[in-house]
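Below, each chain spelled out in residue letters.
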Amino acid sequence: MDMTPNTFPTLTALSVLITLGFSSASYAEQAINPEHEHEAPSQPQSTSSEQQSETAQSDVEHDPSAVTLEAMTIPSEQPTQAFESIQLIKKDLGIATDGADVLKQTPGISVTRQGGTASDPLLRGLGGTRLNISIDGVPFGGVCNHRMDPATAYVSPGSMDSLTLLKGPQSVKNGNNISGAVNFDRAEIRYQEIGARAYGSYLYGSFNQQALSVDSSFGFEKGYFAYTHNNTSGDDYTDGDGNVVKQTFYDTSNDRLALGFTPDEDTLLEISGLTSKGQIGNATIHMDVTKLDRDNINVHFKRENMVPWLNSVELRYNFTTVDHDMDNYTLRDLHPWEEYLLMGQFWDQHFGKAEFLSEITPDLELTTGLEYRNDSYDANAASGFLELPPPPPTSGSELPKNHILSFGNTAAYAELGYQMTDGLRWISGFRVDSLATTTGTMHAAGETSTIVLSGSNQYRRQNLFAGFLRTEYAFENVPVMLSAGYGHAERAADYWEVYSMDGFALNAEKNNELDAMISYQGDKFSTELSVFYSHISDFILVHLGDRANNIDAQRTGGELLLAYNLTDYFSMTGNLSYVYGQNLTQNTPLAQTPPLEGNIGLNYDDGVFYGAVNTRLVAKQDRIHAGYGNVIALDSTPTAGFVTANLQLGYTPHPLVKFQFGIDNLFDKQYTEHLNRSAASAAGPAIRKLAEPGRAYWGRVTIDFDYPASFIKS
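Below is a summary of the structure that appears in this document. (Residues numbered from 1 in each chain as written. Predicted model: local features only at pLDDT ≥ 70, side-chain atom pairs only at ≥ 80, totals over all residues. Heavy atoms only, no water.)

What follows covers the overall build of the protein chain. Summing up its helical and strand segments, the protein chain has 4 helices and 35 strands in all. The burial tally for the protein chain puts 58% of its 714 residues in the buried class. Of the roughly 28800 Å² of accessible surface on the protein chain, 59% is carried by carbon and sulfur atoms. (Helix = DSSP H or I, 4+ residues; strand = E, 2+ residues; numbered from the N terminus. Buried < 20%, exposed > 50% of the residue type's maximum accessible area, 1.4 Å probe, protein only. Areas by Shrake-Rupley, 256 points an atom, 1.4 Å probe, with all protein chains shown as cover.)

Next up, the structure:
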């Protein structure tokens, strides 16, 4: 592993000090409480529903060593491990229309806007494939070579139940996590007797923004049938100065059917199919998403309590195919004798995973897994003039496809957890991926040019390694938890870097990171501080949007979260996020690093009426490297700081019904985010930085019921 000078001795010394400190604290507590017998606490279950959250909260009240962070990361719930947060998505959808809208409320998360929807999320300034995103346990990417369809664009918040965010390379279950991992999951469905459940939500807001979500199921003890439908749409929005921001409209929809078999309480087999469609305007380049068709088949099997040494087995197979078109003439007008352009991209993914959980002893737990993934990409393009025959194609599907690229990856991983004492726990993991990259004949500018890229018609196999060692200590008599971990992860050049940046020969990134956190959960006051130091060798840096090279980069930063219960009904929340990035090779700031950001919130909730005011404060960012960045966007100019405020009101007249009303950008502030697609990795005319929406009013009504009460969703 490549490391900066003196990094390894420093990390070694820190690890020794942390180990000695935690061990001393553990023995000191045992000395103070000699009557306390050693007992390994049970492992918390995945928190993916409000029922489980209430159960977990009850368990915390009876377990003095457990620490819940609910009040601090509202609306997050109790984490199942350090550096992890779980959010119940449907608990407060607000104005969210896709996964990025849900994520951006989380400290440490930034998003890069390219229109009214389909923003690209980043964690601590790193996004794309550096932030692994999974949907229903399946890693998801995208197909557009300009990243018009980031993974979160395929997430419909109204049909998902939980969002799990992991910071840093502190797990190997979700791939090689350079920055972290995000999982969007549907909750498991089970019935104890014949029953049904229906969830429906409708949003209407400024700029004709609409979102309809239906999530329903019915079943009995041995199985169920589930159906979900989502549709989101909106017109061009206006910014804080009242200017219409053209090409920010969107219209997307999806439908999903699932058939589940539950022959006993320990077994689940679900077969599901999903189809989605969409058209999305893009305000940052000269083309729009004119077709975004996805079809998906998923098979999921889980069996628990198999034999004494094997607690559970989980198997999953997924096939996804995406047909994507972008052009400059379907959703916008061309000038006379302006060349039309159509680009089609096609993506097929096969994914399989087997994961096994074993409780070797009451104190020792082992998770092992195997993965297979194959991603295949085809592309085509057409151009001409509307004034001349033949007429432009209506879809890229009418044109011959050119196979440009495929990835084949097999992986094996293991994570081991050891409960050394009641409060002290060690977790470690190791992962190896064998990645084969095979290229066809790739042409520049997304197949619109006759220039053949240098990485064409080649084959390469890379072995990528990841591992971590982390310790967690929960004090028995005070609600404090400490954790520190060291992680290593490697990432090869992805589809966008190989194809759009002609980067087949790029070296794999190697991240060595130290993470630490301390949290306190009291009756009235809660806080959490997470910090990190990261050194990335061979960091892939994009230049001018069509080329990339390897550099060494260094990043430090963290997040601070605070919450204080003023009364039974009033509470205050606050958070700070900061990242400092440096390009060590060129001795410049690391491009596309977000600025210092903070939030202050005042909340009221008596169970029937709810109100919240949140103020967001963002500092200026003048640490830039113009013309450099990543596959999402490039640095252009410094960005001014800004302050915005949001207002939200809620009324729950009955447990089945909720009404919400909100005003985003309450004071109609004109502002732009620093992470901006104004100089994105795409051809086309340069524009000023994309402004954020001005004042927006919205209202949402939600109905959620199940019958009978014995319905279980876990």
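With that settled, consider the nonpolar core. Grouped together as the largest cluster of nonpolar side chains are 65 residues, with contacts concentrated most on L163, V182, F184, Y377, I404 and Y495. Setting aside anything within four residues of it in sequence, one finds V182 in contact with L103, L131, N132, I133, S134, L163, T164 and L165. Counting residues in hydrophobic clusters, the runner-up holds 16 residues, among them V172, A466, L541 and A591. (Core = buried A, V, L, I, M, F, W, Y, C linked by side-chain atoms within 4.5 Å. Contact = heavy atoms within 4.5 Å.)

What follows concerns the packing of aromatic side chains. Under the criterion given, the structure shown has 17 aromatic pairs. Between F609 and Y651 the ring centres are 5.0 Å apart and the planes differ by 20 degrees, which places this aromatic pair in the stacked class. A residue pair is termed long-range when its members are at least 10 positions apart, and F609 in strand β30 (residues 609-618) and Y651 in strand β32 (residues 642-654) qualify at 42 residues. Residue Y651 is classed as partly exposed on the basis of its relative accessible area of 33%. Here the aromatic cluster, defined as three or more aromatic residues joined through ring pairs, consists of F140, Y154, W347, Y377, Y495, W496 and Y499. Sitting over the ring of F539, R130 keeps its end group 4.1 Å from the ring centre. Sitting above the plane of the F346 ring, K401 keeps its charged end 4.2 Å from the centroid. (Phe/Tyr/Trp six-rings, centres within 6.5 Å; stacked < 30°, edge-to-face > 60°. Lys NZ or Arg CZ within 6 Å of the ring centre and 35° of its normal.)

For Y154, the position within the fold is in the loop between β7 (138-139) and β8 (162-167). Take Y154: its relative accessible area is 6%, and that puts it in the buried class. In this structure the C-alpha to C-alpha distance between Y154 and K277, which are 123 residues apart in sequence, comes to 9.8 Å. What Y154 contacts, discounting residues up to four positions off in sequence, is I135, F140, V143, D149, L292, R294 and V322.

All right, on to the sheet that holds strand β5 (residues 126-127) then. Strand order in this open sheet of 3 strands is β3-β4-β5, and the pairing throughout is antiparallel. Two strands in the sheet have a free side with no partner beyond their single neighbour: β3 (109-112) and β5. Of the strand pairs in this sheet, strand β4 (residues 120-123) and β5 are connected by 2 bridges, and their pairing is antiparallel. Across the sheet, L122 pairs through a bridge with G127, a residue of β5. (Pairing = 2+ DSSP bridges.)

Let us look at unusual backbone geometry. The step from P389 to P390 runs through a cis peptide bond, and the omega angle for that step is -5 degrees. On the secondary structure map, P390 appears in the loop between β19 (364-384) and β20 (402-419). Phi angles above zero are rare outside glycine, and F207 is one such case at about 65 degrees. When its relative accessible area of 19% is taken as the criterion, F207 is described as buried. Residues other than glycine seldom take positive phi values, yet N665 does so here, at roughly 55 degrees. With respect to the helices, strands and loops of the structure, N665 is situated in the loop between β33 (657-664) and β34 (696-707). On the basis of relative accessibility, which here comes to 4%, the residue N665 falls in the buried class.

Taken together, the 16 bridges between strand β17 (residues 310-327) and strand β18 (residues 340-361) define a ladder with antiparallel strand orientation. Paired with S312 across the two strands is L357, which belongs to β18. Across 21 bridges, β18 lies against β19 in antiparallel orientation. The partner of L341 across the bridge, within β19, is S383. A loop of 2 residues connects β18 with β19, the two strands running antiparallel in sequence.

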